[in-house]
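# Examination of the molecular architecture
What follows is each chain in one-letter form.
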Amino acid sequence: MLNNTPRLVQAVYMVSQHGLSISDIAETYQISKQALYRAVRAHNTSHAQQLNKLHKQREKLLQQLACLEANIEQLKKGC
């Protein structure tokens, strides 16, 4: 099985980070195009999921900040 072999990891890196074509890299690393395509998709999906999680965290933090700022304003008015 090819999962996480050094060649596959390096090939995914070359496609993802350097924007090289799956066809060329698959031929260079002697990996099937389909296996490399699936690995690249899995790699990109995990990044997309992380990005979504970070966006949700950001939104929650912005809501908390707005709430804190409103509380500060209320305290200033009370003094």
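Here the structure is shown first, and the text comes after it.
Now for a quick tour of the structure. (Residues numbered from 1 in each chain as written. Predicted model: local features only at pLDDT ≥ 70, side-chain atom pairs only at ≥ 80, totals over all residues. Heavy atoms only, no water.)

## Some thoughts on the nonpolar core
The nonpolar side chains of a soluble globular protein tend to be buried, and buried together. Core analysis: the biggest nonpolar cluster contains 11 residues, these being Leu8, Ala11, Val12, Met14, Val15, Ile25, Ala26, Ile31, Leu36, Ala39 and Val40. The set of elements that each furnish at least two residues to this core consists of helix H1 (6-18), helix H2 (22-29) and helix H3 (33-78). Counting residues per element, this core draws most heavily on H1, which supplies 5 residues. Excluding residues that lie within four positions of it along the chain, Ala39 makes contacts with Leu8 and Val12. (Core = buried A, V, L, I, M, F, W, Y, C linked by side-chain atoms within 4.5 Å. Buried < 20%, exposed > 50% of the residue type's maximum accessible area, 1.4 Å probe, protein only. Helix = DSSP H or I, 4+ residues; strand = E, 2+ residues; numbered from the N terminus. Contact = heavy atoms within 4.5 Å.)

## Focus: the pattern of salt bridges
This model, assessed by the stated rule, comprises 2 salt bridges. Residues Arg58 and Glu59 are paired through a salt bridge, measuring 3.8 Å at the closest nitrogen-oxygen approach. Taking the shortest distance from any N to any O, the salt bridge between Glu73 and Lys76 comes out at 4.0 Å. Of this pair, Glu73 and Lys76 both sit in helix H3, 3 residues apart, which is roughly one turn of the helix. Judged by its relative accessible area of 41%, Glu73 falls in the partly exposed class. For Lys76, a relative accessible area of 56% translates into the label exposed. (Salt bridge = Lys/Arg side-chain N within 4 Å of Asp/Glu carboxyl O.)

Keep in mind that these numbers describe shape and distance, not what the molecule does.
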